[in-house]
Amino acid sequence: EAAAMSKVKNCETVKVVVRCRPLNRKEEATGYEGIVNMDVKLGQVTVRNPKSAPGDLMKTFTFDAVYDGSSKQSDLYDETVRPLIDSVLQGFNGTIFAYGQTGTGKTYTMQGAWMDPEKRGIIPNSFEHIFTHISRSQNQQYLVRASYLEIYQEEIRDLLCKDQNKKLEMKENPDSGVYIKDLSSFVTKNVKEIEHVMNVGNQARSIGFTNMNEHSSRSHAIFVITVECSEMGIDGENHIRVGKLNLVDLAGSERQSKTGVQGERLKEATKINLSLSALGNVISALVDGKSTHIPYRDSKLTRLLQDSLGGNAKTIMVATLGPASYNYEETLTTLRYANRAKNIKNKPRVNEDPKDALLREFQEEIARLKAQLEKRGMLTKKRRRNSRRLRKSLDGEEVTDCEEEEIVDSMEKDVEDYMKEQKEKLELEKAAIRDDHSLVAEEKLKLLDEKEKMMDDLKKEQEATEMLTAKFKVRDVFP
């Protein structure tokens, strides 16, 4: 019984909120009427069928929260999204996805107007939130990296890769689940850097012109932020927590007949609908209680979101609606879809000390370099001591023959071993930098330059020591 209780305690449902935009100028000019009513206090949405008689019952749905046409971006963020980002900073996985017909405000909700603080969407607000938290934290080390991909016509593209025609493969790992092989990721140290990463990706996105919206997104885009945090535990050891945040902007969910698309665009729409209906099937299978098979593998989108739907993640679904009468069918479909998603149960847990934590690698590298420097310091001390004894000898002070030989041999051996070891290490480090695909080209060049400089310094050091020992040997031959 206790086990069953704890199982329930660790489960939590997907949080579903609905947002309805106001009528736009075009709809008002055409004379369309609003058929959606939002009760913000009760979290209810009521939809009226424009073709029904005045006395007919309207359809009502209840959600975790609803946001009407007058809602502000900050309302949605502070009430619904903020707690999820706090969880990601604690090491949970989190996913936020916007679902709805094209032109209902999905991209506005996710991205908004970046330059206007009042209109900034979930993504820029979450960037601000993450880095503000990091700047205020104490006794913790953070590493934030970002990746950006799109699923276009059931193929995965890395939006941050120079070769935009490269198709990426999906793989599965027993520890970390589904991942994209060779997906680039960039370490970002502040809001400006992560915004730059997103802007580069946005320029590469597949955007097409349809009747529904001239800036319609024709692909599903997923921006992934990985936040690693290292902290000293009560056991005196460093522990790393890794939270992963998926920010998903889905393609439009309208019916083909309405988009007015043909040829290539129709093929696109079919693929979009295929992955969205696969998403719908996964949601249905998860909540009907009878399915033993969840069809995650039916599309790339559902496989990628596998953890977010019924797995190890906290998930928010923002369903967006248009209020006009001509969108009645799509509005109803979106509400039914969202209504089913409310019942999905996830099992989020903190990801502690995963094997693939990059921060752990960085910490080990720093420790290695520190040890290297200390060793170098000790050798330098030893060499200084030997040099002093050597100078004493050169200045005619008392040093025995045996001591002199010992000094020279010791110095030569020290130098030889040290130089050999350092050269090998530097060559290995240079090779590692060349092979590290997560480093930006200019960063790579900078690091390689530094390594070259270190090589030069080592050379000079070796030459200086050789000159000193040579001087001593010359004096030994001609006393």
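Keep in mind it's a predicted model, so treat the numbers as computed, not measured. (Residues numbered from 1 in each chain as written. Predicted model: local features only at pLDDT ≥ 70, side-chain atom pairs only at ≥ 80, totals over all residues. Heavy atoms only, no water.)

A look at the overall build of the protein chain
Here is the rule: Helix numbers and strand numbers start at the N terminus; a helix is a DSSP run of H or I with at least 4 residues, a strand a run of E with at least 2. Type-normalised accessible area, obtained with a 1.4 Å probe on protein chains alone, sets the label of each residue: buried when under 20%, exposed when over 50%, and partly exposed for intermediate values. Residue-level accessible areas treat just the shown protein chains as cover; the underlying method is Shrake-Rupley with a 1.4 Å probe.
For the protein chain, the helix and strand inventory stands at 13 helices and 18 strands. A burial count over the protein chain gives 46% of its 479 residues as buried. Only carbon and sulfur atoms are counted for the fraction: they give 51% of the accessible area of the protein chain, which is about 26200 Å².

Overview of the nonpolar core
To be explicit about the condition: Within this scheme, the nonpolar core is defined by two criteria: the residues are buried Ala, Val, Leu, Ile, Met, Phe, Trp, Tyr or Cys, and they are joined through side-chain atoms within 4.5 Å. Residue contacts follow a heavy-atom distance rule, with two residues in contact if any of their heavy atoms lie within 4.5 Å.
The biggest cluster of nonpolar side chains holds 43 residues, and the ones touching the most others in it are V18, V45, F63, L250, L279, M317 and L335. It is helix α10 (residues 328–341) that contributes the most residues to this core, 6 residues altogether. Discounting chain neighbours no more than four positions away, the residues touching L250 are F97, A98, Y99, K106, S219, H220, L276, L279 and L301. In this structure, M110, W114, I123 and M198 belong to the second largest nonpolar core, which totals 41 residues.

Some words on the packing of aromatic side chains
Note the cut-off: Here the aromatic set is Phe, Tyr and Trp, taking the six-membered ring for Trp, and pairing holds for ring centres within 6.5 Å; pairs whose planes are under 30 degrees apart are stacked, those over 60 apart are edge-to-face, and all others are tilted.
For the structure shown, the criterion picks out 6 aromatic pairs. The interplanar angle of 80 degrees and the centroid separation of 5.0 Å between the aromatic rings of Y148 and F223 together place this pair among those described as edge-to-face. Note that Y148 is positioned in strand β8 (residues 140–152) and F223 in strand β15 (residues 220–232), a separation of 75 residues in sequence. Both residues of the pair, Y148 and F223, count as buried. Aromatic rings pair up to connect W114, F127, Y148 and F223 into one cluster.

Looking at helix α3 (residues 73–89)
Worth spelling out the cut-off: Bend, at a single residue, is the angle you get between axes fitted to the 7 residues ending at that residue and the 7 residues starting at it.
Approximately 50 degrees is the largest bend angle found in α3, and it occurs at V81, with the proline P83 only one to four residues beyond. Every buried residue of α3 is listed here: Q73, L76, Y77, T80, V81, L84, I85, S87, V88 and L89.

Section: the sheet that holds strand β3 (residues 36–39)
We count it as follows: Criterion used throughout: strands pair if DSSP finds at least two bridges between them. Only the contacting stretch of a helix is used when fitting its axis, a line to C-alpha atoms as for every element, and angles between N-to-C directions run 0 to 180 degrees.
Read from one edge to the other, the open sheet built from 3 strands follows the order β3-β4-β5, with strand pairing classed as antiparallel. Each edge of the open sheet is held by one strand with a lone partner, namely β3 and β5 (59–62). Adjacent strand axes in the sheet meet at a mean angle of 20 degrees, parallel and antiparallel pairs treated alike. Where β3 meets strand β4 (residues 44–47), 4 bridges bridge the pair, whose relative direction is antiparallel. Within the sheet, the bridge partner assigned to M38 lies in β4 and is V45.

Section: the pattern of salt bridges
Operational definition: Between Lys or Arg on one side and Asp or Glu on the other, a salt bridge is scored when a side-chain nitrogen of the former is within 4 Å of a carboxyl oxygen of the latter.
Scanning the model with the defined rule gives 15 salt bridges in all. Taking the shortest distance from any N to any O, the salt bridge between E27 and R21 comes out at 2.8 Å. Taking the relative accessible area as the measure of exposure, R21 reaches 17% and is therefore buried. In this structure, the salt-bridge partner of E128 is R120, at a minimum N-O distance of 3.6 Å. Classification of R120 as buried rests on a relative accessible area of 13%.

Side note on the pairing of β15
Consecutive side chains of a regular strand alternate in pointing toward one face of the sheet and then the other. Taking burial as the measure, the 13 residues of β15 include 11 buried ones, the bulk of the element. Judged from the 12 bridges that link them, β8 and β15 form a sheet pairing that is antiparallel. Each bridged residue has a counterpart across the sheet, and for L143 the counterpart in β15 is E228. Count of turn residues in the β15/strand β16 (residues 238–249) antiparallel hairpin: 5 residues, of which G236 carries a positive phi of about 80 degrees.

Some words on the environment of T320
We count it as follows: Counting of polar contacts relies on pairs of N or O atoms within 3.5 Å, with two restrictions inside protein: one atom must be capable of donating a hydrogen and the other of accepting it, and residues adjacent in sequence are counted only when both atoms are side-chain atoms.
When you line up the elements, T320 lands in strand β17 (residues 314–321). Exposure remark for T320: the relative accessible area of 1% places this residue in the buried category. Taking C-alpha positions, T320 is 9.9 Å from T107, a pair spaced 213 residues apart along the chain. With near-sequence residues (within four places) excluded, T320 lies in contact with R19, Y99, G100, Q101, T104, G105, K106, T109 and T334. Reaching out from T320, the side chain makes a polar contact with the side chain of T104 at a distance of 2.8 Å.

Quick notes on helix α5 (residues 122–136)
Rules: One less than the number of residues in a helix, times 1.5 Å, gives the span that helix is expected to have.
For α5, which comprises 15 residues, the first-to-last C-alpha distance of 21 Å matches the rise-based estimate of 21 Å (1.5 Å per residue) to within 8%. Regarding α5, the residues found buried are I122, I123, P124, N125, S126, F127, H129, I130, F131 and I134.

Topic: the packing of α5 against helix α6 (residues 191–203)
This is how it is decided: Each angle gets one of four labels, with under 35 degrees taken as roughly parallel, over 145 as roughly antiparallel, 65 to 115 as roughly perpendicular, and the rest as oblique. Crossing handedness is defined as follows: a turn of the near helix away from the far one that is anticlockwise and smaller than a right angle gives a left-handed crossing, while the clockwise case is right-handed. Three residue categories are used. Nonpolar comprises Ala, Val, Leu, Ile, Met, Phe, Trp, Tyr, Cys and Pro, charged comprises Asp, Glu, Lys and Arg, and polar comprises the others, including Gly.
Remark: α5 packs on α6, axes separated minimally by 10 Å, with the N-to-C direction vectors making an angle of 150 degrees. Regarding the angle of α5 to α6, the classification is roughly antiparallel. In the crossing of α5 with α6, the sense of the turn from one axis to the other is right-handed. For the pair α5 and α6, contact is made by I123, F127, E128 and F131 and by V191, I194, E195 and M198, respectively. Broken down by class, the residue content of the contact of α5 with α6 amounts to 6 nonpolar, no polar and 2 charged.

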